[in-house]
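The residues making up each chain are set out below.
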Amino acid sequence: MEEKRVSRPSSRPKPTGNFKSYVVAEPSKLLDWLLANLKESRTKIKATLSGHGIKVNGKIVTKFDYKLLPGMKVEVSKSKQNMEFRNHYLRIVFEDRYLVVVEKKTGILSMAAGHSTLNVKTVLDEYFRQSRQRCTAHVVHRLDRDTSGLMVYAKDKDVELALESDWHNIVFDRRYVAVLSGVMEQDNGTVESWLKDNRAYFTYSSPFDNGGKLAITHYHVLDCTADHSLVEFKLETGRKNQIRVHAADLGHPVCGDVKYGNGDDPVGRLCLHAFRLCFYHPVTHRPMEFETDIPQAFKNLF
């Protein structure tokens, strides 16, 4: 691969608040420029980018291929909190004084339940304690233990209440990707039904009002093989087990789902991942957009 020449800053970095400031001398793509000018690994630089730690001309930029032109000002966050956090089940994607966005892996609960101690809230509370932050993690929404993906936690009760009280208006895009058993009959569609739990906490779906909650799920097929379909889901409502139940309603349950599935388990896990989360910041009201890659295990099937 041909090596690209990238400009060095025309002056020494100057601290501006919590950022160091540089001036671009020659045209370049943002990631190339950062790799040439920062004494950090590629992994750390990408984490800073995805964690909203890079500004260009005063605006946060997360695109690796963002085009830089001479005279542009690049600011790099001096905070190392996100880079210092290490946990097998959790990755911090974004953090400020009000909230934290994380990507969780499978096998960990969103919050404590019964005698279980492995949960995201406990992990975050320990991180806050070690980093001397006077706050605790407040649960705003949940993902099932075996569902991976993006979640947001508030750092105090006021932010939690602000998010919970207007969740459906604050969150403007929330999407999942799943591997479903079999080949979908339609490439796009919507599933609408009422969901209600029985005493055994099994969620039943009904086309008529059964006293439960109305659930609406939109879907779009991304890829398929003779055995499986890779499907994107967009939630209009956020009910318990909504995607898993609606996928089963379609006759194509989520692979690896021991509760609503058909035994099809090609990768040894529940094939459901919350890959996109977009919301208006409850304090600054700025739009916040986060997206993660589709799990490699899902991609390998296609």
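Everything below is about the structure printed above this text.
Okay, so let's go over this structure. What you are looking at is a predicted structure, and each value in this text was computed from that prediction instead of being measured.

**Comments concerning the nonpolar core**
Val102, Leu124, Tyr153, Tyr176, Leu180, Phe233 and Val254 are the most contacted members of the largest nonpolar core, which totals 40 residues. Other than its neighbours up to four places away in sequence, Val102 contacts Leu90, Arg91, Ile92, Val93, Val120, Leu124, Gly149, Leu150, Met151 and Tyr153. Counting residues in hydrophobic clusters, the runner-up holds 17 residues, among them Phe94, Ala154, Val159 and Ile170.

**Some remarks on the environment of Gly256**
You can see Gly256 is positioned in the loop between helix H7 (242-249) and strand E17 (272-280). Distance from Gly256 to Asp146, taken between C-alpha atoms, is 9.5 Å for residues 110 residues apart in sequence. Ignoring sequence-local partners within four residues, the contact set of Gly256 consists of Asp264, Asp265, Arg269 and Leu270.

**Some thoughts on the pattern of salt bridges**
Taken as a whole, this structure holds 13 salt bridges when the rule is applied. Glu160 is the partner of Lys157 in a salt bridge, and the nearest nitrogen-oxygen pair spans 3.2 Å. Here Glu160 and Lys157 lie together in helix H5 (residues 157-165), a separation of three residues that amounts to about one turn. Across the salt bridge formed by Asp257 and Arg244, the nearest N and O atoms sit 2.8 Å from each other.

**Considerations on the packing of aromatic side chains**
The geometry of an aromatic ring pair is captured by the separation of the ring centres together with the interplanar angle, meaning the angle of the planes. Summed over the entire model, instances satisfying the criterion amount to seven aromatic pairs. With a centroid separation of 5.7 Å and 45 degrees between ring planes, the pair formed by Phe94 and Phe290 is classed as tilted. Of the two residues, Phe94 is situated in strand E8 (residues 90-95) and Phe290 in strand E18 (residues 287-291); the sequence distance between them amounts to 196 residues. Classification of Phe290 as buried rests on a relative accessible area of 2%. Grouping aromatic residues by their ring pairs yields a cluster made of Phe94, Phe279 and Phe290.

Parameters at a glance
Residues numbered from 1 in each chain as written. Predicted model: local features only at pLDDT ≥ 70, side-chain atom pairs only at ≥ 80, totals over all residues. Heavy atoms only, no water. Core = buried A, V, L, I, M, F, W, Y, C linked by side-chain atoms within 4.5 Å. Buried < 20%, exposed > 50% of the residue type's maximum accessible area, 1.4 Å probe, protein only. Contact = heavy atoms within 4.5 Å. Helix = DSSP H or I, 4+ residues; strand = E, 2+ residues; numbered from the N terminus. Salt bridge = Lys/Arg side-chain N within 4 Å of Asp/Glu carboxyl O. Phe/Tyr/Trp six-rings, centres within 6.5 Å; stacked < 30°, edge-to-face > 60°.

Read these as layout, nothing more, since geometry by itself doesn't imply function.
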